[in-house]
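As a plain string of letters, each chain reads:
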2 protein chains.
Amino acid sequence: MASSSTFSGSDLEAYNAARAALINEDRALRRDRHATTTSDEEQLQLEAQADLRVRAIRAEEAATIWTQEHENIPHPFPGMEFLTGREIIVKTKLFEILSRMPKGALLHCHLDATVNAQVLLKLALEQPALHVRVAARITHSTIGAVLPEFRALPRNEYSLNAPGITDELYQSDSWVSLANARANFDVALGGPEGFDRWVIGSMMINPTEAYKTHNTIKKVEWSARIWEKFQSTFIVSTGLIRFAPIFPEYIRQFFRSSIEDGISYVEARINFLYKHMVGEDGLENIPHRDWLIMFDDVLNEVKVDMKAQGREDEFIGARIIYSTIRFITPEELEWYLEDCIELKKEFPHLIAGFDLVGDENELKPLIDYMEPLLRFRQRQKEEGVDIPFIFHAGETLGDGTPADNNLFDAILLGTKRIGHGYSLVKHPKLIETCRQKGIAVEVCPISNEILVLVASELTGLSTLGQLARDSIEHSTLEEEEKQHALHAWERQWQKFISGLLE
Amino acid sequence: MASSSTFSGSDLEAYNAARAALINEDRALRRDRHATTTSDEEQLQLEAQADLRVRAIRAEEAATIWTQEHENIPHPFPGMEFLTGREIIVKTKLFEILSRMPKGALLHCHLDATVNAQVLLKLALEQPALHVRVAARITHSTIGAVLPEFRALPRNEYSLNAPGITDELYQSDSWVSLANARANFDVALGGPEGFDRWVIGSMMINPTEAYKTHNTIKKVEWSARIWEKFQSTFIVSTGLIRFAPIFPEYIRQFFRSSIEDGISYVEARINFLYKHMVGEDGLENIPHRDWLIMFDDVLNEVKVDMKAQGREDEFIGARIIYSTIRFITPEELEWYLEDCIELKKEFPHLIAGFDLVGDENELKPLIDYMEPLLRFRQRQKEEGVDIPFIFHAGETLGDGTPADNNLFDAILLGTKRIGHGYSLVKHPKLIETCRQKGIAVEVCPISNEILVLVASELTGLSTLGQLARDSIEHSTLEEEEKQHALHAWERQWQKFISGLLE
């Protein structure tokens, strides 16, 4: 009766049965269906109890913490803009609980934006080789617009006693050692702490930029403005991260903070645009191969350390999605694709896939790279490797635009997952294809906040468990590794559930 | 090859063919597919030329009128909030062209909000029986919050010389004749013109209310706030419209302005909540049957007049969707359903369907009315009439809430169309059902502006033609009437296309 989807009788009881069946049929098609992670009856009971407890906390906090006025945050509510509400969110019991939840795999992140800016600055300040320069002397009027550029210099080029970047004698674009620039930062601009605030601010997006400055102009232009800011944060941080003495420590911090957040496996997009990073000697001479060796070393070290603590279930491993940026020419792409194949051959356990990143609305669409991309698949066959595409696509409000059309190319090229892909809602055939082929969409609720986040009555603890399991399911792990990761996750999940009920 | 949706070869030419096929397959599933309204080759050519001309105008205006700064409208752009950009929109050539376009059927409108508030006030001022009262004397401080209440009084209760509503002697809630209230409106508040502004303002939603006051609070609460304002505009205007000497003139203005907008057929939701309207004698004694007689008389008069002008293709007719509000009890609903059946029997050509209106997030869900609604279908069989449900449902941001669940009930009850229904995106099974059963979704882009309007590269003149034809297709007209309406529309469309090319 439900499957015909119209109820023809007039009997209320029969109607209610048909209604329940239709609701069930509908929910079964949703990825966030109420799933359970076990068939063990006792565990099921526990999970249901824990779910009730979390719902009660959610309801209580909705009625208390979210109804009070908070300084600087007018009219807070649970679904408000993340960056504005963050300060309240992190104080909730719900946040504390979910921080501890075992989350499975992190499938979408850009390495250069994973570590807290404050931590990165701290790492940088330990490096005497690091220097900073600006296009214009930093004053009250330029501090909001001028960005720092960082790089490590060879020892014979160190500039320890040059005028600081706020000094009247500072010459635009001249390098100043980081320590000097910080120590001599104009007291009127906050001195060394003012320097820290300015550097950290240049690597972060604040709520005003996210929701006002970059958002009030035009909905369509908003995307372009916020992308500019995204890009500038990457540009600033790259100068610090792509330095051999910092890179391994950065990776280590990334793994550590992921583990803290309950993530047990990572596939990180690393941007390989620069062909070399800067070595300890200040020369740009460390090739991609060495980046992977550093990555692998830190990975092994962290795994050994976790095992020694009896916490091996909490960290299964990490892989790299080799990425470059959509502004290169198709000819330049050839080089990166060959490089990627070489790396995959040497580090088969590290290279998870290939992606092209950057603002789809402004940069080249996938179709422009079709020749090298098709050839890439051919070359993989010849070399006996398998490097799935894991493309960003359809991260756009456009309809029928080149950025929107990227979805067709990503899918035709057999992409394993789609980064963002929210433009999919405009394409019934492509949605069907993703469903049939099991192509996962990497959704970042905060990055996609433009679509307005709204709490659902249907999501509960088991939905979150299902999402975590899905994340492992859609990773590039081999079947055996996947089973291992799933089992480790299940053990963590059971601990988490019991913990909630204590 | 395209149907498998992954391209396996490495040949660029074959790839491009597979890509074109997949894009085509995807677009074919979209309702806004590029359709043509004729198979006549010559007409097709004309339509394509007209489409190019309109696209050129759109592109030109995007680069000119939309890039200039306008007083009071910072950063205008074509997809901006409608009420803010309206002033610019109405000056564009594109708007002028689309105003003239034959649009087919208007399937979603609430009668009480169809006629320009200024016109309604003008009609009201011609009626000496009409009086106004306010809950608090109108002063500088109350004018922004206090709403007028209107009603016609019997002649022996006329209050021509009482103190005006801004007068210090005014007693709260006492009736003052409209003419008196207007003539004696405090000069400091703008005098008679200040009165007009206040009354008109009480019946309209201004951009600040729509996008700021009612919108900045909370996304979720926004809906409730703006609904309050919607409701208050209805409450104010109802006192003027549900008055027998005004009602027919209001209907006439509604038909006239619809015709001006290129609409040739209307299915209007009329709220039958009040069982009587006020007669010329000031007594509340005009039953629903008389409302329909008035409606029918005006309808026939306008049709005769249009025919006399040789414009009969421009107005095919109008019908009523009998509506009441979701705050009544199920027992009360029984009365309205029987009333609706009685009216359908006497005016089969006027009653198009039945609906329940009002804020779904706050008022009763359909499931609460299931007994009378199921019985209604039974009673129709007994009486030999057919009154389709044409329900508002899923006009909500909720997920799994009662308002969201209304979609299940509307569809199980066999609704012919769904009003708004944007919550459908959360329900894969229901989307499929709507597609299979041809259930149209009545989408009002402005009412649904909360979802952000974005221009599509795919929509052109033929898309609009397709939407117009769809509107007639999904009306409640009988097959023969429908064919008549479609043919009349086709003639208008051809005229429109030729007009564009002159």
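To be clear, the structure that these remarks concern was listed above.
A brief look at the structure comes next. This one's a predicted model, so the numbers in the text were calculated from it and none came from an experiment.

Basis of the calculations
Residues numbered from 1 in each chain as written. Chains lettered and ligands numbered in written order. Predicted model: local features only at pLDDT ≥ 70, side-chain atom pairs only at ≥ 80, totals over all residues. Heavy atoms only, no water. Helix = DSSP H or I, 4+ residues; strand = E, 2+ residues; numbered from the N terminus. Buried < 20%, exposed > 50% of the residue type's maximum accessible area, 1.4 Å probe, protein only. Areas by Shrake-Rupley, 256 points an atom, 1.4 Å probe, with all protein chains shown as cover. Pairing = 2+ DSSP bridges. Axes fitted to C-alpha atoms, helices over the stretch in contact; angles between N-to-C directions. Salt bridge = Lys/Arg side-chain N within 4 Å of Asp/Glu carboxyl O. Parallel < 35°, antiparallel > 145°, perpendicular 65-115°, else oblique. Left-handed = near helix turned anticlockwise from the far one by under 90°. Contact = heavy atoms within 4.5 Å. Expected span 1.5 Å × (residues − 1).

Across its full length, chain A carries 17 helices and twelve strands. Every one of the 502 residues in chain A was classed for burial, and the buried ones make up 52%. Accessible surface, chain A as shown: approximately 22700 Å² in total, 53% of it carbon and sulfur.

Before going further, it helps to examine the sheet that holds strand 9 (residues 351–357) of chain B. All names here are of chain B. Judged by pairing direction, the sheet is parallel, and its four strands sit side by side in the order 1-5-8-9 without closing on themselves. The open sheet has two free edges, formed respectively by strand 1 (104–106) and strand 9, since each of these has just one partner strand. Averaged over all pairs of adjacent strands, the angle between strand axes in this sheet comes to 20 degrees, irrespective of strand direction. Judged from the six bridges that link them, strand 8 (residues 317–325) and strand 9 form a sheet pairing that is parallel. Bridge pairing links tyrosine 322 to phenylalanine 354 in strand 9.

Turning to the pattern of salt bridges, a few remarks are in order. Residues and elements named next belong to chain A. Taken as a whole and judged by the stated rule, the model has 57 salt bridges over all chains. Arginine 252 is paired through a salt bridge with glutamate 249; the nearest N and O atoms lie 2.3 Å apart. Pair noted here: arginine 252 and glutamate 249 are both in helix 10 (residues 247–260), with a separation of three residues, about one helical turn. The exposure class assigned to arginine 252 is partly exposed, which follows from its relative accessible area of 21%.

Turning our eyes to something else, we now look at the packing of helix 5 (residues 117–125) of chain B against helix 10 (residues 247–260) of chain B. All names here are of chain B. At a minimum axis separation of 11 Å, helix 5 and helix 10 run at an interaxial angle of 150 degrees. The orientation of helix 5 with respect to helix 10, classified from their angle, is roughly antiparallel. The two elements helix 5 and helix 10 meet at a crossing, and its hand is right-handed. For the pair formed by helix 5 and helix 10, the contact residues are Val119, Leu120 and Leu123 on the first element and Glu249, Tyr250 and Gln253 on the second.

Quick look at the sheet that holds strand 2 (residues 130–133) of chain A now. Residue and element names in this part refer to chain A. With respect to topology, three strands assemble into an open sheet ordered 3-2-4, the strand pairing being antiparallel. Because the sheet does not close on itself, it has two edges, and the strands there are strand 3 (149–152) and strand 4 (176–177). Sheet topology note: the strand 2/strand 3 ladder contains four bridges and is antiparallel. Within strand 3, the residue paired with arginine 133 across the bridge is glutamate 149.

So, about the environment of aspartate 51 of chain A. Residues and elements named next belong to chain A. If you trace the backbone, aspartate 51 turns up in helix 2 (residues 41–63). Between the C-alpha atom of aspartate 51 and that of threonine 463, which follows or precedes it by 412 residues, the distance is 10.0 Å. Not counting the four nearest positions on each side in its chain, aspartate 51 is found in contact with Gly460, Leu461 and Ser462.

Since there are 3.6 residues in each turn of an α-helix, residues three or four apart along the chain are aligned in direction. All names here are of chain A. Over its 17 residues, helix 12 (residues 330–346) runs 25 Å from end to end, which matches the ideal 24 Å to within 8%, given 1.5 Å per residue. Inspection of helix 12 places Leu333, Tyr336, Leu337, Asp339, Cys340, Ile341, Leu343 and Lys344 among the buried residues, and these make up the whole buried set. Looking at the buried side of helix 12, the elements it contacts are helix 11 (288–308), strand 8 (317–325), strand 9 (351–357) and helix 13 (370–383).

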